[in-house]
Amino acid sequence: MKKYNFNAGPSILPREVIEKTAQQILDFNGSGLSLAEISHRAKDFQPVVDEAVALIKELLQVPEGYSVIFLGGGASLEFCMVPYNFLIKKAAYLNTGTWAKKAMKEAKLFGEVVEVASSADANYTFIPKGWECPADADYLHITTNNTIYGTEIRKDLDVNVRLIADMSSDIFSRPIDVAKYDCIYAGAQKNLAMAGVTLIILKDDTLGKAPRQIPTMLDYRTHVEKGSMFNTPPVVPIYSALETLRWLKAKGGVEAMDKLAKQRAEIVYGEIDRNKLFRGTVTDVEDRSLMNICFVMADEYKELEKPFLEYATAQGMVGIKGHRSVGGFRASCYNAQTIEGVEALVKCMKEFEAKN
Ligand SMILES: *Cc1c(COP(=O)(O)O)cnc(C)c1O
């Protein structure tokens, strides 16, 4: 039976990305050696990094004065590297969920942290609005897509201080105005690559301002200066990122991904709103994530939660169980998710409604 992958992360990648990466693991560029057994400094691998960086700059229209680097450690390491490198006295954080909270926790090790707003009391079912950021904050940190709670800030905010964003789960799903950010980071395993690499976009002239000694590996300047080659980079994940970026470009880039994301979301949210068995969990419709679509059984059908999960699983749906802090269901619809995939899910929802 055909499987439809709705995993939240690691998650769906284009099939051809998996296949092409697998081929290179067997035989890298016809060299007779595996991608996994050549030097990262080999003349063959440098072009992989160079092309990936060039494609990122092209696809996101990264302006002059920014660097693009690849690091290990996941987005979680950036929770600490960001304040290490950017927090001088005070940082502001918008608390929109688990990942934002984890980022705040690390920042507190380096200085004063101001929570500009939080929707924690409402289990993060909306994005707080109408807040103000202290003008003397060194930066404001936001999480553009809240993977667990299914909320998303799908626009580039105008703020009065430097803006830093965790875009782990929605990068490359829409055009962004990079010039509005000093730092964008994204663990790759949601929308870009196999797990093990983090993409970071940095505004060069904002580096080196924090008044502290930074261990070499945790200093962004180290990796900018060495073009992500200070130490051995995660070569296989980076290669898979390159294939995803090529795929993205061939598909029409981030504008096409934005359009597709809206189409998928309309199909799934449309059914959630129509189907009497289900309801969406996000209270402000404008905050609904196009990447992670969260829904639960309507109150009067609570007992059908497990049967629906079993039914959908039997029809080939994979990974639709919601995160334990939300419950219900979560259909992750990253760039590689097809219209066919979301239509298959909606078909399950309709059939299940007819049976109940
Ligand atoms: C998954 C995720 C993370 C954590 O990523 P790791 O690479 O596992 O550290 C951080 N932020 C967001 C928004 C995520 O979705």
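Report follows, based on the coordinates. Bear in mind the structure is a predicted one, so any value in this text is a computation, not a measurement. (Residues numbered from 1 in each chain as written. Predicted model: local features only at pLDDT ≥ 70, side-chain atom pairs only at ≥ 80, totals over all residues. Heavy atoms only, no water.)

1. Here we look at unusual backbone geometry
Line of reasoning, step 1. Following G9, the chain continues to P10 via a peptide bond in cis, the omega torsion being -10 degrees.
Line of reasoning, step 2. With respect to the element layout, P10 can be found in the loop between β1 (4-5) and α1 (15-26).
Line of reasoning, step 3. Residue N123 is not a glycine yet carries a positive backbone phi of 50 degrees.
Line of reasoning, step 4. Its location among the elements puts N123 in the loop between β4 (112-118) and β5 (140-143).
Line of reasoning, step 5. Here the phi dihedral of Y124 falls at roughly 60 degrees; this positive angle occurs in a residue that is not glycine.
Line of reasoning, step 6. Within the secondary structure, Y124 sits in the loop between β4 and β5. (Helix = DSSP H or I, 4+ residues; strand = E, 2+ residues; numbered from the N terminus.)

2. Quick word on the nonpolar core
Line of reasoning, step 1. L60, F172 and I201 are the most contacted members of the largest nonpolar core, which totals 57 residues.
Line of reasoning, step 2. Looking at this core element by element, the count peaks at nine residues for helix α6 (residues 235-250).
Line of reasoning, step 3. Other than its neighbours up to four places away in sequence, F172 contacts I56, L59, L60, L192, L199, L245, L248, V254, M257 and N335.
Line of reasoning, step 4. By size, the runner-up hydrophobic cluster in this structure holds 35 residues, among which are Y4, A261, M291 and Y311. (Core = buried A, V, L, I, M, F, W, Y, C linked by side-chain atoms within 4.5 Å. Buried < 20%, exposed > 50% of the residue type's maximum accessible area, 1.4 Å probe, protein only. Contact = heavy atoms within 4.5 Å.)

3. Quick notes on the site of the ligand
Line of reasoning, step 1. For the ligand, the set of nearby residues contains 13 residues, the closest of which are S76, T147, D166, Q189 and K190.
Line of reasoning, step 2. Taking S76, its side chain carries an N or O atom lying 2.6 Å from an oxygen atom of the ligand.
Line of reasoning, step 3. In this structure, Q189 approaches the ligand through a side-chain N or O atom, which is 2.9 Å from an oxygen atom.
Line of reasoning, step 4. Summarising the interface, the protein chains cover 88% of the accessible area of the ligand, which totals 390 Å² for the free molecule.
Line of reasoning, step 5. Its residues assigned to classes, the shell around the ligand shows three nonpolar, eight polar and two charged. (Near = heavy atom within 4 Å. Polar contact = N/O pair within 3.5 Å; in protein donor to acceptor, adjacent residues only side chain to side chain. Areas by Shrake-Rupley, 256 points an atom, 1.4 Å probe, with all protein chains shown as cover. Nonpolar A, V, L, I, M, F, W, Y, C, P; charged D, E, K, R; others polar.)

4. Thoughts on the packing of aromatic side chains
Line of reasoning, step 1. Tallied over the entire structure, the rule returns 14 aromatic pairs.
Line of reasoning, step 2. Look at F28 and Y239: their rings are 6.4 Å apart centre to centre, the planes differ by 85 degrees, and that puts the pair in the edge-to-face class. Taken as a pair, F28 in the loop between α1 and α2 (46-59) and Y239 in helix α6 lie far apart in primary sequence, 211 residues in all. Here the two residues F28 and Y239 agree in accessibility, since each one is buried.
Line of reasoning, step 3. Among the aromatic residues, ring-to-ring pairing joins F278, F295, F308, Y311, F329 and F352 into one connected group. (Phe/Tyr/Trp six-rings, centres within 6.5 Å; stacked < 30°, edge-to-face > 60°.)

5. Here we look at the packing of helix α3 (residues 74-86) against helix α4 (residues 98-107)
The description of two packed helices rests on the angle between their axes and on the distance between the axes.
Line of reasoning, step 1. Their axes nearest at 8 Å, the elements α3 and α4 cross at an angle of 40 degrees. In terms of orientation, α3 and α4 fall into the oblique class. Considering the relative orientation of α3 and α4, their crossing is right-handed. Listed contacts from α4 to S76, F79, C80 and P83 of α3 are W99, K102, A103, E106 and A107.
Line of reasoning, step 2. Here the residues of the contact of α3 with α4 sort into six nonpolar, one polar and two charged. (Axes fitted to C-alpha atoms, helices over the stretch in contact; angles between N-to-C directions. Parallel < 35°, antiparallel > 145°, perpendicular 65-115°, else oblique. Left-handed = near helix turned anticlockwise from the far one by under 90°.)

6. Concerning the side chain of T125
Line of reasoning, step 1. Relative to the helices and strands, T125 resides in the loop between β4 and β5.
Line of reasoning, step 2. Judged by relative accessible area, T125 falls into the buried class, the value being 17%.
Line of reasoning, step 3. Of note is the side chain of T125, whose polar atom sits 2.8 Å from the backbone oxygen of A122.

7. Notes on the pattern of salt bridges
Line of reasoning, step 1. Under the definition given, this model contains 23 salt bridges.
Line of reasoning, step 2. Its salt-bridge partner being D258, residue R154 comes within 3.0 Å of it at the nearest N-O pair. Here the residue R154 occupies a position in the loop between β7 (151-152) and β8 (163-166), and D258 occupies one in helix α7 (residues 253-274), the gap between them amounting to 104 residues.
Line of reasoning, step 3. Given a relative accessible area of 22%, R154 falls into the partly exposed group.
Line of reasoning, step 4. For D258, a relative accessible area of 14% translates into the label buried.
Line of reasoning, step 5. By sharing partners, the salt bridges in this structure join E152, R154, D258 and K262 into a single network. (Salt bridge = Lys/Arg side-chain N within 4 Å of Asp/Glu carboxyl O.)

8. Re the sheet that holds β8
Sheet strands line up and pair through hydrogen bonds in the backbone, either parallel or antiparallel.
Line of reasoning, step 1. If you walk across this open sheet you meet the seven strands as β2-β10-β9-β8-β5-β3-β4, and the pairing is mixed. Looking at the sheet topology across the chains shown, the edges are occupied by β2 (66-71) and β4. Across the sheet, the axes of successive neighbouring strands diverge by a mean angle of 20 degrees, strand direction being ignored.
Line of reasoning, step 2. Bridge count for β8 against strand β9 (residues 183-187) is three bridges, and the pairing is parallel. Bridged to A165 within β9 is I184.
Line of reasoning, step 3. Across the sheet, α2 touches β2 and β10 (198-203), and the angle it forms with β2 is around 130 degrees. (Pairing = 2+ DSSP bridges.)

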